[in-house]
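Secondary and tertiary structure notes
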Amino acid sequence: MTERVGAEVVGGVARWWPLAVLPGVCLVAGVVGWVLGWHLGVDNAVYRSGAVALLRGEPLYDAMSLRAEPEWARLPFTYPPTAALLFVPLALVPTQVAWGILGAVTLGALAVAVSVAVRALPDRPQWMDERVVLVGLGIVLVGLEPVWRTLFLGQINLVLLVLVMVDVLVLGTRGSRFGGVLVGIAAAVKLTPLVFVGHLLLLRRWADAARAVGTFLVLQLLMLGLVPHDVAAFWGRAVQDPQRIGPIYWAGNQSLNGLVLRLTDNADWSMRVVVPIAIVLAVPCALWVRKLAARGEPLPALLVTAFFGLLISPVSWSHHWVWAVPLVVFLLSRVRGRRDVWPVAAVVAVFASCVLLVMRNGLAVEFEWTPPEYVIGSAYLLVPVVAGAIVLVKRSRSRL
């Protein structure tokens, strides 16, 4: 009996050990980077500095940079005060080591995201198990620009994605009393996951939605008790200050607001255009989510909400589009013949092309783009728009 258990453990390690290679590389690179003074993870440095400022009692939003930030990462802290609290573990190690740890966690989150996505597809092909997708597609998925950029910047997009996926696709489907809590935590780190409260409401998971909002508010009240000045500064002015985010007309902002800003030479009324568009889009998206959920397709339903949120958010940097990962997994599950390969190939080509990084560089050059450049420079946001249009055309043809 003991020998059989031991053989199973050894077999499990042999099957899954490739998944530990890249996280291990990140940890080693972090330590080596610390020793050699490498500049690793600009955003991670800001996260860590926010935690250091919180521990030292320094204000988070009174200046455009924090004291603990290295010279190569002098950026404003743009996240809610709760984020600084959750980043405290990063303050316990040097900046480069913190990047290595966060990178390892990010790659672990990538694996969990793929695993959850696969399990949420009951009608997937027989060949499509977790190990095949994780090991076979690992390099491809890491090669997607939102993924590797999240990794190298030291961002937490994949961690937030996993919190939402586990909450909606695992805890929620099991009727867990903790359903909604992870969505609330994700929203307390970055506000954009609040869109998934709407998703829970569409699924009529009233208790989960209430717990998500309750968790978010409890964390805000906790920070109000700990650092009232920072809470007042964030909600009173920092959250509305575009200067803290940077020029959001950049091509890297792949939201409708970013597109409108580029088309209107950075007009300050851009959101007054985006909000009505968002309201119009919300109706078919909500109906689509309800229909997919009723058909027992929770993953595509979640993807509709995720990409809707990316489109309507004031800022959706290219590395926020990590939802391409579960999208690729979903499209793979629909491959039944050669013709079905093209959607997967197209999505991978867009997000792995790095096209946004090779656009013309220069101060406000986006305002001088030609029509073809506008199309290429909107590559990410065109993915859900084109996908939605294709679905609508197919439906209209099926009704004829």
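A brief structural summary. Here the structure is a predicted model, which is why all the values come from computation and not from measurement.

**Thoughts on the overall build of the chain**
Secondary structure assignment for the chain yields 19 helices and zero strands. Relative to its length of 400 residues, the chain is compact, with a C-alpha radius of gyration of 22 Å against a globular reference of 21 Å. Viewed in the frame of its principal axes, the chain has a C-alpha envelope of about 65 × 60 × 45 Å. For the chain, with 400 residues in total, the buried portion stands at 50%. Put simply, the chain shows about 19400 Å² of open surface, and 68% of that area lies on carbon and sulfur atoms. Side chains of the chain give 32 positive and 22 negative charges; the mean places of these two sets differ by 10 Å.

**Describing the pattern of salt bridges**
Applying the stated criterion across every chain yields a total of seven salt bridges. Residue Glu58 is joined to Arg67 by a salt bridge in which the shortest nitrogen-to-oxygen separation is 3.9 Å. Take Glu58: its relative accessible area is 16%, and that puts it in the buried class. In this structure, Asp208 and Arg211 form a salt bridge, with 2.7 Å as the shortest nitrogen-oxygen distance. Residue Asp208 and its partner Arg211 are located together in helix 11 (residues 206-226), separated by three residues, close to a single helical turn. Accessibility expressed as a relative area gives 7% for Asp208, which makes it buried. Arg211 gets classed as partly exposed once you look at its relative accessible area, which sits at 26%. If you follow the salt bridges from partner to partner, you end up with Asp123, Arg295, Glu297 and Arg334 in one network.

**Some thoughts on the state of the cysteines**
Under the criterion given, the structure shown has zero disulfides. The closest cysteine sulfur to the non-disulfide-bonded Cys26 is located on Cys354, 17 Å from its own sulfur.

**A closer look at unusual backbone geometry**
The phi dihedral of Arg204 is positive, around 60°, even though this residue is not glycine. Phi at Asn266 takes a positive value of approximately 70°, unusual for a residue other than glycine. Tracing the backbone shows Asn266 in the loop between helix 13 (256-263) and helix 14 (270-294).

**Some points on helix 12 (residues 228-236)**
Among all positions in helix 12, only Asp230, Val231, Ala233 and Phe234 are buried. Across the axial projection of helix 12, the buried residues extend over an arc of 165°, all falling on one side. Residues of helix 12 that are buried in the fold lie against helix 4 (81-86) and helix 11.

**Things to note about the packing of helix 11 against helix 12**
Two elements in contact, helix 11 and helix 12, have axes whose closest approach is 5 Å; the angle formed by their N-to-C orientations is 125°. One way to sum up the angle between helix 11 and helix 12 is to call them oblique. Here Phe216, Gln220, Met223, Leu224, Gly225 and Leu226 of helix 11 come into contact with helix 12, specifically with Pro228, Val231 and Trp235. Classifying every residue of the contact of helix 11 with helix 12 by side-chain character gives seven nonpolar, two polar and no charged.

**Some thoughts on the packing of aromatic side chains**
Tallied over the full model, the rule gives 16 aromatic pairs. Geometrically, the ring pair formed by Phe216 and Trp235 is edge-to-face, given 6.4 Å between the ring centres and 85° between the ring planes. You can see Phe216 sitting in helix 11 and its partner Trp235 sitting in helix 12, a full 19 residues away along the chain. By relative accessible area, which is 9% here, Phe216 ends up buried. With a relative accessible area of 36%, Trp235 lands in the partly exposed category. Ring centres of Phe307 and Trp321 lie 5.8 Å apart, and the angle between their planes is 45°; on these two criteria the pair is classed as tilted. In this pair, Phe307 is assigned in helix 15 (residues 298-312) and Trp321 in the loop between helix 15 and helix 16 (324-333), connecting sequence segments 14 residues apart. For Phe307, a relative accessible area of 6% translates into the label buried. Taking the relative accessible area as the measure of exposure, Trp321 reaches 0% and is therefore buried. Here the aromatic residues Tyr47, Tyr61, Phe77, Tyr79, Phe87, Phe216, Phe234 and Trp235 are joined through ring pairs into a cluster of three or more.

**Some remarks on the packing of helix 8 (residues 157-171) against helix 15**
Two numbers describe how helix 8 lies on helix 15: the axes approach to 10 Å, and their chain directions differ by 135°. Here helix 15 runs oblique to helix 8, going by the angle between their axes. As helix 8 runs across helix 15, the sense of the crossing is right-handed. Across from Val164, Met165, Val168 and Leu169 in helix 8, the residues of helix 15 making contact are Pro298, Leu299 and Leu302. In the contact of helix 8 with helix 15, the residues fall into seven nonpolar, no polar and no charged.

The rules we used
Residues numbered from 1 in each chain as written. Predicted model: local features only at pLDDT ≥ 70, side-chain atom pairs only at ≥ 80, totals over all residues. Heavy atoms only, no water. Helix = DSSP H or I, 4+ residues; strand = E, 2+ residues; numbered from the N terminus. Rg over C-alpha atoms; globule rule 2.2 N^0.38 Å. Buried < 20%, exposed > 50% of the residue type's maximum accessible area, 1.4 Å probe, protein only. Areas by Shrake-Rupley, 256 points an atom, 1.4 Å probe, with all protein chains shown as cover. Lys, Arg positive; Asp, Glu negative; His and termini not counted. Charge placed at Lys NZ, Arg CZ, Asp CG, Glu CD. Salt bridge = Lys/Arg side-chain N within 4 Å of Asp/Glu carboxyl O. Disulfide = S-S within 2.5 Å. Arc of directions from axis to C-beta. Contact = heavy atoms within 4.5 Å. Axes fitted to C-alpha atoms, helices over the stretch in contact; angles between N-to-C directions. Parallel < 35°, antiparallel > 145°, perpendicular 65-115°, else oblique. Nonpolar A, V, L, I, M, F, W, Y, C, P; charged D, E, K, R; others polar. Phe/Tyr/Trp six-rings, centres within 6.5 Å; stacked < 30°, edge-to-face > 60°. Left-handed = near helix turned anticlockwise from the far one by under 90°.

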